[in-house]
Amino acid sequence: YRTFKFRIIQTEHFEVYYYNEERTAALDAARMAERAYARLSRILHHQFQSRKPIILYASHSDFEQTNAIAGELGEGTGGVTEFFKHRMVLPFTGSYTDLDEVIQHEMVHQFQYDVYSGGRIGGGVQTIMNVNPPGWFMEGMAAYLSRGRIDPETAYWLRDAALEGNLPTIEQLTYDPRIFPYRFGQALWAYIGEKWGDEVIGEILQSSASVGVEGAFKRALGLSLDDLSSEWRDAVQTTFLPQLGQHYRARRIA
């Protein structure tokens, strides 16, 4: 393993750790992070009370040597944010598009952890255990706010599930570990953002810390998760199954 001589770029909201081989890219990453913060803090109705760490590695092989995160990191891991110190850890891949997406994705997790910890580094363990937010809630939110509403990769997951009759309910997303929470969670948050506006996502996140996931949706949208699940599944099938969509519209008119 190498010994990395880290330096720090300090911005308004972040401390960006880097070493000399990646200095130019690290400066660009710091600008990307502040730009992402301006957008996400508005959507999620939250401000950091202190600077958050971003630890950058010049390659994936360097990234796999990190001791900032417990456990092994596989080749498919694009970035990680840990709960206790809110540290974002990620490698450069040579693509600024990918880097921007990963920074935004992991920053959503920093916001989530900061909300649940009340802004206290190392706090919030009891809160997140009580809330127990499911994967579609946490990872789906991060995927939506980093990838956007129109995503061809997520669209083919939805199309395939609709055609095969395998489109999951929110209950299945919550309790069935076989269902991939990133793509279906992203699609669910995209539906919410399109219908109620992205700012409602922040309302739901903030409320979930005190009233739980189900209560947060009820408070913000006036819907139970079961009702939201039915509406979302109807919308997906209307989009990807045109004939079935006509049947749903006719049924509602009747």
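Look a little higher up for the structure.
From a predicted model like this one, the values you see are computed outputs, not experimental measurements.

## Structural notes on the packing of helix H8 (residues 181-196) against helix H10 (residues 225-240)
Two numbers describe a pair of packed helices, the interaxial angle and the distance between the axes. For the pair H8 and H10, the least separation of the axes is 11 Å and the interaxial angle reads 95°. By the angle between their axes, H8 is roughly perpendicular relative to H10. Note on element contacts: H10 touches H8 through Leu 228, Glu 231, Trp 232 and Ala 235, opposite Phe 184, Ala 187, Leu 188, Tyr 191, Ile 192, Lys 195 and Trp 196. Here the contact of H8 with H10 is built from residues that sort into nine nonpolar, no polar and two charged.

## Looking at the environment of Glu 164
Here Glu 164 is to be found in helix H6 (residues 152-164). Accessibility expressed as a relative area gives 52% for Glu 164, which makes it exposed.

## Quick word on a nonpolar patch on the surface
A cluster of nonpolar side chains, contributed by Phe 84, Val 125 and Met 129, occupies part of the molecular surface with about 290 Å² of accessible area. Summarising the element assignment, Val 125 is placed in helix H4 (residues 125-131). Relative accessible area serves as the criterion here: at 30%, Val 125 is assigned to the partly exposed category.

## A look at the pairing of strand E5 (residues 88-91)
Regular strands place their side chains on alternate faces of the sheet. Residues Met 88 and Leu 90 of E5 are buried on one face, and the alternating residues Val 89 and Pro 91, pointing to the opposite face, are buried as well. Two elements, strand E3 (residues 52-57) and E5, share four bridges in a ladder whose sense is parallel. Along E5, the bridge assignment pairs Leu 56 with Leu 90. By the bridge criterion, two bridges tie strand E4 (residues 80-81) to E5 in an arrangement that is antiparallel. Following the sheet pairing, Thr 81 is matched in E5 by Met 88. Between the end of E4 and the start of E5, which pair antiparallel, lie six residues, with His 86 showing a positive phi angle near 60°.

Criteria and cut-off values
- Residues numbered from 1 in each chain as written.
- Predicted model: local features only at pLDDT ≥ 70, side-chain atom pairs only at ≥ 80, totals over all residues.
- Heavy atoms only, no water.
- Axes fitted to C-alpha atoms, helices over the stretch in contact; angles between N-to-C directions.
- Helix = DSSP H or I, 4+ residues; strand = E, 2+ residues; numbered from the N terminus.
- Parallel < 35°, antiparallel > 145°, perpendicular 65-115°, else oblique.
- Contact = heavy atoms within 4.5 Å.
- Nonpolar A, V, L, I, M, F, W, Y, C, P; charged D, E, K, R; others polar.
- Buried < 20%, exposed > 50% of the residue type's maximum accessible area, 1.4 Å probe, protein only.
- Patch = residues over 30% accessible without salt bridge, like charges linked within 9 Å, V, L, I, M, F, W, Y side chains within 5 Å.
- Areas by Shrake-Rupley, 256 points an atom, 1.4 Å probe, with all protein chains shown as cover.
- Salt bridge = Lys/Arg side-chain N within 4 Å of Asp/Glu carboxyl O.
- Pairing = 2+ DSSP bridges.

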